[in-house]
Structure formats: C-alpha cells, structure tokens
Amino acid sequence: MKKFTLIAILFGIITTKGQIVPTNSSYNENIVWENVFTNGPEGKVNRGIVDSDGNCAIVFMPENTSRIHKINGENGALIWSITIENTIGFGISEIKENNRVDYLVSGGSGETQERWLCRLNGDNGSIIWDKTYTSSGNQYQFDGIRMTIIGSDGYIYGAGFIGGDEAGTIFIVYAGKAMLMKIDPASGDEIWTHENLNSEYALAVVESNDGSMYYGGILYDDNLKLTKVNTNGDEVWTRNLDNTENIIPADLIISSETIYYGCHTAREGAGDPFDYTCISLDTEANINWIKHYANPRGYSLEHIRNELYGIKADESSIYMFGGTGDESNYSALNPPYESSDVWNGWVLQTDFNGDIIQSDVFCHDNVNTATEYGDLTEDGYVIFNDTDAQGDTEVGVIKVQINNNSNITKHPIILNKTIIKTINILGQEDRNNKNQIMFEIYNDGSVSKKFIAD
C-alpha cells in the first residue's frame, strides 16, 4: 500500500478500471476575468474561439435563433452582439482578410434545417453574406454544418451531415451521411460537396501538411471513423478505428501530423457516468493510444459524468474542455469543490503521450457551470460555459492564465535549471559540448547528472 501511494504522488495520477484520475485539481484559480452575459434570450453555448486579435467570439442557440457575442479579450466586456432568426448556430471560426478579423457562423436554417453558413464583419457584426445549401429529402431529414476551418489554400472547409434524424443539436445525429464542403470565402458559393455513406456525421475537419483534409465520423453502434479527402473533394479512404464502438466523438485537432480525437465514453454506474477520452492516431488512421480520464473533484466514479466537447493543442500540450457533474442524487461534498451535483467546467492538460500535466475546475457563482468549449491564448485559455449564474442557461466566459507551477505533473517540469559546473573526463573545466558531465538542480531540490559524449 505504501508503495502504491508513493507511485500515485510521484506520477500525479491514479488509474482505476482504465480511468486516469488526477490526484488534485485546482478550483477557480488563475482567473484573469470572468463574465456572465444575461441580456437577450437564453440559449445553450455551442462553440467559442479566441481570434488572432486576442478577442473572443461565441455562438449559442436560443430557440430557433443563432446568437453571437464578440467579447473583449483583455477585460471580458461585450463588444457587440447579433441575433440571426430562423437559424441554429453550431459553430464559429475566424477568417482574416485585409487585417480585419471576420467570423464564420455555421449550422442550419429553416424548418427543414438545411445547411447554413454566414460571414460576419468582425468590426460590427453585420452580415457580409448568408448562404443556405439545400439537399433533397423529406421534412424529417435534417442537415447542418457543424464547424469550419480555413484551408491553406484560403478556402472554407465545412464539416457536417445531410439527412440526419434529429434537428437542432450539435451532438451526434444518425440516419444520414457525413459531408464535407469547400466554399468560396468571398461569396459563400459552394465549390464542391463530398458525401460519405460510410459515416453518418463529419464532426470536425483538420488539414495535414500536404493539404489533405481529414474528418472524424461515426456509424450507429459501430467504431469511430476517420476519412481522408483530397482538395478536389474525392474520398481517399474511410477507415475504422478499432475498439472504439462505445466512444462518443466530439472534436478533432491535428498537431505535428498527429490527429487527436476528443470524446467521452460511457461506462457502468448508478449515475450513467462518462469519462473524458482522447485518441491519438497518425494520418493513416493507426491508433497510437487511447486514454480515459475521470473524476477531477474526487467524487465516486459510480456517479460522476465527465463530458468532453472540445480539444486543442499547442506546441507541447493537449487541452481537453468539458463539464463534470452528477445527475443521480448522489450529492456528496468534498471541499473546496461544489457539491457533486453542481456541474463544473473541467480543463485537463496532458502531454502528447496523454500523461496529465494539469487539472483545473471552474464554476461561476457556485452554481451549475458546464464548459461546452475552449480555446487557447498566448499564456492560457478561455472557456465558454452554460451556467445558471444570474439566471438559467446563461452564457459564461472565463479567461485563465496557466500556472506553470503545477504539482500534478507526471514528469518533473524544469522551471529553473542551474548548471553548477561542467568538467571533461580529465577533470578539467570545459565549456564546449563534448565529453561533459553536467549537474542540474531542479526546484524540488533534486539533482541530476548527465554525461555528454562527443
């Protein structure tokens, strides 16, 4: 038992039934600013971004409406807000031209929910163009563009679905087919649409260094999929990801030619619990690893749901964004965290091997706060939340500066490294990089010794 405890402290994680559990999570720490926006109709947050100017843009969905806020990234103040009727806003992304940041808002429009995309002037929120892309089908078949990116060729690529069986949701819908569109950014005109009967939903799209497009997908009661498409809209392949049939996908990123799937996975328990899930794979759809994470507040694994909806990466880390809460009348209390049945936002930072670096929990006004998406800043991140603060299903935004002094890392982070002396193998001081012995002191007082051969 003592040996196990020592390992848990050293590595910063505990693995239980396949879940990796942080031994500690910070609570509402390192917040630069937070704001809750209550003006206008209530609606569920779907997606948010931090643009290249450092400001934030968020899309949420009151009934039969897309509502977009632009928020000052320095202080959290509202810059402008617009409402677009008879639409459902699923996604938002940036497009920059002539030194002005504009926004692309994607989703569906009309009673039969056709695919929809508009471009907004980033200065004032006015609509530059607004396009609906119709498909054949009956009144019970629904379409949507879930998210968009700007490709290296300057065109818009939008991932989504045609002929789904449920309207008004960014969650996985079935009975349809995955689709990927290429769109002219100047006019919104469709250039081509790729459709895929072997995948029912293209949930996100990423681009590799050679210009190939990849999107994540799924079939009902089947494994996750990855599809590769060329710039002409031709499908190169769709491949199964083995042993992923119980995983619910949410987001996709690519970093250094490695693709990361952000998901959550259901497991048995009294509260229908979920784990965060991250899948690392190469651009041939070969899986490097699959890891599951749970329970940042230390409550019972039988009850806590951890639902991941966004994933990002910088040059050294993966960031997973979502919510954590209990809906089974468990109602336990573990200070300093809120009661288990109060939903909180959870941001989990790992290295590229999936090992935990930092776990952070956030809550507006000590009431239900579920993070729906997040994006990175130069020195941290912003999370976009559904919150009951000041009402019901309000829009909450929190900007966080990363604390690099985390005590939860699996491997020591070198924060201050001191080279005491370098000597060559003859015992003489030597300033070049050949045949050296190097001593390093770390913040925790430990010392390492390295021999550098020529």
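Draft legend 1. Up close: the confidence of the model for the protein chain. Residue-level pLDDT values for the protein chain average 87, and 85% of them are 70 or greater. Taken as a whole, residues 1-16 scores under 50 in pLDDT and shows 24 contacts with residues more than four places along the chain or in a different chain. Long-range and interchain partners of residues 406-454, a stretch whose pLDDT sits below 50, account for 88 contacts in this model, where long-range means more than four residues apart.

Draft legend 2. Geometry of the side chain of Thr377. For Thr377, the location among the structural elements is in the loop between strand E29 (369-376) and strand E30 (380-387). At a separation of 3.4 Å, a polar atom in the side chain of Thr377 contacts the main-chain amide nitrogen of Tyr381. For Thr377, the contacting residues outside a window of four places in its chain are Val50, Val382 and Lys399.

Draft legend 3. Seen up close, the sheet that holds strand E17 (residues 205-207). Taking strand neighbours across the sheet as the criterion, the four strands line up as E17-E18-E19-E20 in an open arrangement whose pairing is antiparallel. The open sheet terminates on both sides in strands that have one partner only, identified here as E17 and strand E20 (235-241). Each strand of the sheet is rotated relative to its neighbour by a mean of 25 degrees, with strand direction disregarded.

Draft legend 4. Expanded view of the pattern of salt bridges. Applying the stated rule across the entire model yields 15 salt bridges. Measuring nitrogen to oxygen at the nearest pair gives 3.3 Å for the salt bridge that ties Asp355 to Lys291. Of this pair, Asp355 sits in the loop between strand E27 (344-350) and strand E28 (356-362) while Lys291 sits in strand E24 (residues 287-293), and the two are 64 residues apart along the sequence. One exposure class covers both Asp355 and Lys291, and it is buried. In this structure, Glu307 engages Arg305 in a salt bridge whose closest nitrogen and oxygen atoms are separated by 3.2 Å. No difference in accessibility class separates Glu307 from Arg305, as the two residues are buried. Members of the salt-bridge network, linked through shared partners, are Glu97, Arg100, Asp102 and Arg119.

What counts, and where the lines are drawn
- Here the residue numbering is sequential within each chain, running from 1 through the sequence in written order.
- Given that this is a predicted model, residues contribute local features only at a pLDDT of at least 70 and side-chain atom pairs are listed and counted only at 80 or more, while totals for whole chains, interfaces and linings are drawn from all residues.
- In computing side-chain properties, one takes all heavy atoms of the structure into account and sets aside hydrogens as well as water.
- The predictor reports its confidence for every residue as pLDDT, a score running from 0 up to 100.
- We call two residues contacting when some pair of their heavy atoms lies within 4.5 Å.
- Comment: elements are numbered from the N terminus, with helices defined as DSSP H or I runs of at least four residues and strands as E runs of at least two.
- Polar contact is the term for a pair of N or O atoms within 3.5 Å; when the atoms are in protein, one must be able to donate a hydrogen and the other to accept it, and sequence-neighboring residues count only if both atoms are side-chain atoms.
- For two strands to pair, DSSP has to find at least two bridges joining them.
- Under this scheme, a helix contributes an axis fitted over its contacting stretch, all axes are lines through C-alpha atoms, and angles between N-to-C directions fall in the 0 to 180 degree range.
- For this analysis, a salt bridge means a side-chain nitrogen from Lys or Arg found within 4 Å of a carboxyl oxygen belonging to Asp or Glu.
- Relative accessibility under 20% of the residue-type maximum defines a buried residue, over 50% an exposed one, and the middle range a partly exposed one, all with a 1.4 Å probe and only protein chains included.

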